[in-house]
Each structure stands twice: as structure tokens, then as C-alpha cells.
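Below, each chain spelled out in residue letters.
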Amino acid sequence: MSNDPNFTGAGGPTTEELVFDAKEAQRRRKPSTMQRVGDHMKREWQLYVMLVPTILWLVIFLYKPMYGLQIAFKDYSIFRGVANSPWIGLEHFQTLFGNDQFIRALRNTIIISFYGLIFGFPMPILLALMFNEILKQTFKKTAQTIVYLPHFVSSVIIAGIVITAFSPSAGIVNTFLGALGVDPIYFLTKPEWFRPIFVGTGIWQEAGFQSIVYLAAIAGVSPTLYESAVVDGASRWQMMWKITLPSILPTIIIMLIIRIGNMLEVSFEMIILLYQPATYETADVVNTFIYRQGIQGGQYDLAAAAGLFNAVVAFVLVMTANAISKRYSRTSLW
Amino acid sequence: MSGVRLEGIVKAYGAVQVVHGIDLEVQEKEFVVLVGPSGCGKSTTLRMIAGLEEISDGDLTIDDRHVNRVAPKDRDVAMVFQNYALYPHLNVADNIAFGLRIRKESKETIASSVEEVGGILGLTPYLERRPADLSGGQRQRVAMGRAIVRRPKVFLFDEPLSNLDAKLRTQMRAEIKRLHKRLGVTSIYVTHDQVEAMTLADRIVVMHDGRIEQIGSPMDLFLNPKNTFVAGFLGSPPMNMVKATIAAGDQGPVAEFDGQRVQLQQIPALTNAVGLEVILGIRPEFVSVADQNDPNLVGLDIDLVETLGSEALIHASLQGEPFVIRTDTVGQMHILDGIKGFTIEPNLVKVFDAKTGEALPGQVLEQ
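### Comments concerning the overall build of chain A
- Each helix and strand in chain A was counted, giving 17 helices and 0 strands.
- For chain A, whose C-alpha radius of gyration is 29 Å, the value lies well above the compact-globule estimate of 20 Å for 334 residues.
- Taken across its 334 residues, chain A has 37% of its residues classed as buried.
- Excluding contacts between residues fewer than 6 apart, the proportion of contacts in chain A whose partners are at least 24 apart in sequence is 63%.
- Surface accessibility of chain A: about 20,100 Å² in total, with carbon and sulfur atoms responsible for 68%.

Have a look at this one:
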């Protein structure tokens, strides 16, 4: 027999030709991506119909406004419109970074976000771990309901409760301090108190609700892991540290990445509701700065530049956090 | 001695009792398999021994110590779970070392124990891998490693091979057997697979509806099942059951059915039971294939002959019920072509009372 790999016998096509023909036939048989997507859409049209509202929402509220982002690089005038306003390059960004108020707002945003991350992020995890340890179902459900409740209350009402609670005349906090012989403190007019009150309010309002995600993750941990640990002699505390926490770590990391991505999105309404000129020094953040400059001051282009800066920083943060997480914990958003 | 004794063990969930007073004594170094269909209480019994379920009534003794109220960690038992119960965030070495770390063993002890166990189970190359990066068999070995590293007095296995494919199950079964021989630790193993029970056990405990039906060596249970449940549960293919009536024959008692008769052994319990409605238990392996010229032929409606190489399974029906024969093929193929029925030695027919399902006394088949 011939050693020639192309040998196929008398007069027939060579092996190479046969392989080529087979590949060609396979390629011809394999539908194109467009064809496959089309077929899928025909087959699963109900799924695509359900997708339409979300796509519309994304397009209308997130993608369409991006067109207006260009005014960050233009000398925008509402009379000339977005398209006809002249380009001015990075002038607005230079103005922003030369503006003490913006620098102050940026610093406050970072500090408040950092506090929120340090104190606010672990709180739902702790709550979930605590709920998980409660054995009595009635107590567990009552405690969960009480802790979830503030999430469903409007920010205006929450702010009202906070303002009332910290009121120097009739607030419960000052009443309590008064009972201890401490003079009333004007908490909401003192810059040094704004950040703790704001961060604390955020934790009170959202920690319970955010704990649901972690509770769901805990519910997904196989009970046999705990049984195995019990036989091995682990205490409840050891099981929490050595099984529950590591098991929900991927969820914690995903939530952390999302949180880092939203770091500069400090709760705008709550700041607006709680701050006042006396506390601008510690309370004014990029979003309130944009609101004052853009909506109240009519400097839409400058506000757009500040907003764009915010978005770019958030994008960089989330990409970095994701990359770090992917490298060190095998968990990532994408 | 590191034996386990269960005396009148009961498990009840509220008013519902699921284990009804089990008595069992497992000797030191013995390998006992609890076998039975789903819901028979075998896993619950094992979990009570482990301390994962509270004992409602009765006494549990491990190593001559009453342990009803003793915490699982203080019973000195180790358990291997059906789904392995490996910690996904820990690598193989850390999984194996988990129990030792919890017990605050020294680093040197942990390292040497892990190394030793890794060697015994062939896990040394995988010690740094996480469970997600292992095959099913390797995960099962890690689970066993976690159990043996603590050198417990008793091993408890809760259907440890159920999640493996057939080939791997056979392989792991042999490994468990080998491991038991090597370590000599008292072991209680739960399974619903009678092949596992037959191959692994020193003694098998057949359970049904929260009660023990029979305890004995695998061959004893196979040859001398106490009742129709045990007879039907052990053996693959299962024992054939034929309804019949005992009659007096020329050479002793016979069983009659559908105008056919089978010679029974001459023992008082059968000789004196003329007219009794019975169930004949006939193992597929105990019959000889026969053609129509055989005078002792019991006729069958042959449906299908499955040739499996060295042996064949003949699927037939008798009294409208399936009847299976397992036979060698070597030198028999010409008979298989013309098979019309079977013949059987009288002492190989097991006779059960049709009303109670219990075997009539005195029918002991020696191994």
C-alpha cells in the first residue's frame, strides 16, 4: 500500500480534496448566525416579546440620552440645540477641576461612598447570617419583616423621620441625650454629623432588604455540608465562618462589584432632603452639584461634563473590581 | 470493643413513627449493610447512629458507651454522604484536613495525616485541586478521605455510590471493600442497591417499612430468605414467584399449578402441608433449561432470549407473570434454541406460605 497520504486508489479524489469537500459541505450545511438567530426568534417568539419592554426602557432612558452627552464637549445653548452648539473640547472639564465646589463635591462623594462601603456593605451580610441562625421561625419572620420595612417607605418619609428624630427640640435622640445631661445638638446643621447620619440612614433603610440576596445564597448551601461539619465536631460559630461565609462568597463578591460600580451614585434624593447650605461642606456630592449647576443654574453643559466624569469613573471602578475579583477569587460579573 | 448496638430504636416525627424498634448488634470490625427500598428507614437509622437525628426511643451504644444524648462529634463516628458533602471553597487537602482542624490538631499531625490518607486513596496528585475540578470517583474518594483521616471507631456510609455511573460504582465498591480490609474499622453502610449489599457486606440487614426483615450473611440471605420480601429484594434478576398448592406426590410433596407440578423436598413442613396455598420462590440461577422431552419439564411461554456472552437471560411468563432464567451459554446454545421450560432440584425451590409470605420452616440451603 502507498505511504502517500493523498493516495486514494486509481483515479479518485485525493484525501486532501475529500477533506476539503467535507468541510465545504459542512460549512454549507451550517446556517449563518443571522439564520440561526432568525430561526430562534421564530421558534421562541414569546421570549422575545417579553424582552421588548426592557429593551425599550434601555433605549429610551439609557441609550437615547447618551446622544446628549456630547454637550459636555460643547458650548451648549438651548436655543441652538445639541447638534448646532459649537464644540469647545475639554473646556468644561477644565472648569470643573478648577471649581472648588466640584472638587469638594467629588471629595464628599468619595468619602460618603467609602463610609457606605465600609459600614453599609457588610451590614446586610451580617443580618443574613444572623437571620440564618435564628431557629424560631415566628421570631425570624417578625424580625425580617421589621428590618425589611424601611425599604418600602418613601425617601421623603424616611428623611422626615430622621429630621424629627434628630430635632434639637423634640427629637428622640436629643431627648435621650437630655436625659443624660447633654445639651441639645443641632445634628442636621453640623457638617461633622451629616455623614454618619446619612450613612446610618442608608443602612437602616436598605440593609434589611439587601440581606434577602444573601439569605437566598445561604439557602442554596447544601445542608449536608453542615451535617458533615457537625459530625466533624464544628460549632455553630465555626460553621458560620468555615461553611456559610465561604459558600456565599461568590454572591458577596458579585454584590461588591455592583456596589463599587455604583459607588459614585450616592443617594441623590436623600442628600437633597437632608442637606442644607450649612452642611454643604460635607454633604454636597457630585450628583447634587450637577443638580444645582444643571437644573437650578441652567449650566447643562457643565453638569453633563460632571455627569460624564462620574460615569467614566464608575465604569473604570467596576472594570477594575471585576478584573481583580476574576484574578483572585474566580468570581466575576463577566 | 468498637461495636454498635441498637436496642429497640424508634424514630417518630410527631405521631408518625418511621422506625419501629430496631434491634441490631454490629460487631467490631464488621461491615454491615442496611439495605431496603426507599423510605424503609435505613438512612434514618444511620442518621440516628451518627447523631444527626434524635432517637425517639430505645438505646444506642457505641463502643460500650450509651450515646443517645451524646453530640455527634463525641460519638467518634465519621460519615460519608451520598452527595459527598465536600466544601467547594476548599481544596482536596483542606477538605480532608477539615475535621482535624476543627479538633485543633497540630499542623504537623494534619500534614502527615493528609499525606497518608492521600496516599491510601490515590489522591496525592490532586491535593491542591478543588472539588469542582475532580471527577465523581475522585470526589467520592475525598469524601472517604475526610472520614478515615480522623481514625474514627465507626464509619457510616449513606448511599455513597449512588451518584456514580455503573462502571465507577463497581470500581469504588471494590475500593471500599479493600479499604475496610486494610483499616478494619467497624462500618455501617446504607444502600438500596442489593448488588452493593451482596458484594460489600459481612452481614446484610434487610429493612422494610421501618422494620428489620432479616439479618444474615449475603449468601445466607440469598439462599434462605425468611420471607417473600427478602426473597424478591435480593438477587438480580429477582427470585421468580409462582403461586401453587402443595399436594402429595409419589415421591413426596409436590407443588401444583396450572396443571403442572414441581417436586418439593421431603421435609415435615412440606409433607404435612398438603392443600396449603403457597408461593414458590425460584431463583433464576437455580433452574436448568429443558426441552419438551424432559419428563420433569415445567413449561413456560418463552418470550425472549437475551444472550450476554457467557450467560443468557431467558424472559418467559408463567401464570401471566414474568419468569426469568439465567443460564450459561457455553455448550448450551443448541438447547436455548429449543427451550420449552425448566427443571429444578427439589431442595432449590423455596416455599413460602401464600398468606403470610413467610418461608415454611426447615428449608435450609447450605452455602
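### Comments concerning the sheet that holds strand β14 (residues 277-282) of chain B
Residues and elements named next belong to chain B.
- Spatially, 5 strands are ordered β13-β12-β11-β14-β21 in an open sheet, and the strand pairing comes out antiparallel. For this open sheet the edge positions go to β13 (260-263) and β21 (350-353), each flanked by a neighbour on one side alone. Recorded for the sheet is a direction-independent mean angle of 45° between the axes of neighbouring strands.
- Taken together, the 5 bridges between strand β11 (residues 240-249) and strand β12 (residues 252-257) define a ladder with antiparallel strand orientation. Each residue of the ladder has a partner; that of I246, found in β12, is A255.

### Looking at the sheet that holds strand β16 (residues 298-299) of chain B
All names here are of chain B.
- Pairing within the open sheet is antiparallel, and its 3 strands lie in the order β15-β20-β16. Single-partner strands in this sheet number two, and they are β15 (287-290) and β16.
- The pairing of β15 with strand β20 (residues 341-344) spans 4 bridges and is classified as antiparallel. Opposite V287, over in β20, you have I344 as the bridge partner.

### So, the interface of chain A and chain B
- The interface of chain A with chain B comprises 17 residues on the first partner and 23 residues on the second.
- Taken together, the two surfaces of chain A and chain B that pack against each other cover about 1,700 Å², and 58% of this comes from carbon and sulfur.
- When the buried area of chain A at its contact with chain B is split by residue, E227, V231 and D232 of chain A rank highest and sum to 36% of it.
- Counting across the interface, chain A meets chain B through 3 salt bridges.
- Between R150 of chain B and D232 of chain A there is a salt bridge, with its nearest N and O atoms 2.8 Å apart.

### Side note on the layout of surface pockets
All names here are of chain A.
- Volume-wise, the largest pocket comes out at about 830 Å³.
- If you go around the largest pocket, you meet 28 residues; those closest to its centre are G202, E206, Q210, R259 and S267.
- Of all the secondary structure elements, the ones that give two or more residues to the lining of the largest pocket are α6 (100-120), α11 (191-219), α13 (236-261) and α14 (268-274).
- Considering each element in turn, the lining of the largest pocket owes the most residues, 10 residues, to α11.
- Looking at the lining of the largest pocket, its residues break down into 14 nonpolar, 10 polar and 4 charged.
- Here the second largest pocket is characterised by a volume of approximately 550 Å³.
- Of all elements in the fold, only α3 (45-63), α16 (286-296) and α17 (300-329) reach the threshold of two or more residues within the lining of the second largest pocket.

### Observations concerning the environment of D328 of chain B
Residue and element names in this part refer to chain B.
- Examined against the element boundaries, D328 turns out to sit in strand β19 (residues 321-328).
- Overall, D328 belongs to the exposed group, its relative accessible area being 51%.
- Here the alpha-carbon distance between D328 and V289, two residues 39 residues apart in the chain, equals 9.7 Å.
- Excluding residues that lie within four positions of it along the chain, D328 makes contacts with S310 and E311.

### Focus: the confidence of the model for chain A
- Of all residues in chain A, 96% attain a pLDDT of 70 or more, and the chain-wide mean is 88.
- Below pLDDT 50 for its whole length, residues 1-9 of chain A participates in 10 contacts with residues either more than four positions away or in separate chains.

### Observations concerning the domain arrangement of chain A
Residue and element names in this part refer to chain A.
- Domains assigned within chain A are domain 1 (15-82) and domain 2 (90-329).
- The C-alpha centroid of domain 2 is placed 36 Å from the C-alpha centroid of domain 1.
- Between domain 1 and domain 2 lies a buried interface of about 650 Å² when both sides are counted; carbon and sulfur atoms form 77% of it.
- On the domain 1 side of the interface with domain 2, the three residues burying the most area are L69, A72 and F73, jointly 60% of the side's total.
- Inspection of the domain 1/domain 2 interface yields 0 salt bridges.
- Run the count over domain 1 and domain 2 and you get 2 residue pairs in polar contact (both at pLDDT 80 or more).
- Partitioned by chemical class, the residues of the side of domain 1 that touches domain 2 number 6 nonpolar, no polar and 2 charged.

What counts as what
- Residues numbered from 1 in each chain as written.
- Chains lettered and ligands numbered in written order.
- Predicted model: local features only at pLDDT ≥ 70, side-chain atom pairs only at ≥ 80, totals over all residues.
- Heavy atoms only, no water.
- Helix = DSSP H or I, 4+ residues; strand = E, 2+ residues; numbered from the N terminus.
- Rg over C-alpha atoms; globule rule 2.2 N^0.38 Å.
- Buried < 20%, exposed > 50% of the residue type's maximum accessible area, 1.4 Å probe, protein only.
- Contact = heavy atoms within 4.5 Å.
- Areas by Shrake-Rupley, 256 points an atom, 1.4 Å probe, with all protein chains shown as cover.
- Pairing = 2+ DSSP bridges.
- Axes fitted to C-alpha atoms, helices over the stretch in contact; angles between N-to-C directions.
- Buried area = accessible area lost by both parts, 1.4 Å probe.
- Salt bridge = Lys/Arg side-chain N within 4 Å of Asp/Glu carboxyl O.
- 1 Å grid on protein atoms, 1.4 Å probe; cavity = no way out; pocket = protein on both sides within 12 Å on 5 of 7 lines; lining within 4 Å.
- Points joined across faces, edges and corners; volume = space filled by probe spheres on them.
- Nonpolar A, V, L, I, M, F, W, Y, C, P; charged D, E, K, R; others polar.
- pLDDT = per-residue confidence, 0-100.
- Domains from an automatic or database assignment.
- Polar contact = N/O pair within 3.5 Å; in protein donor to acceptor, adjacent residues only side chain to side chain.

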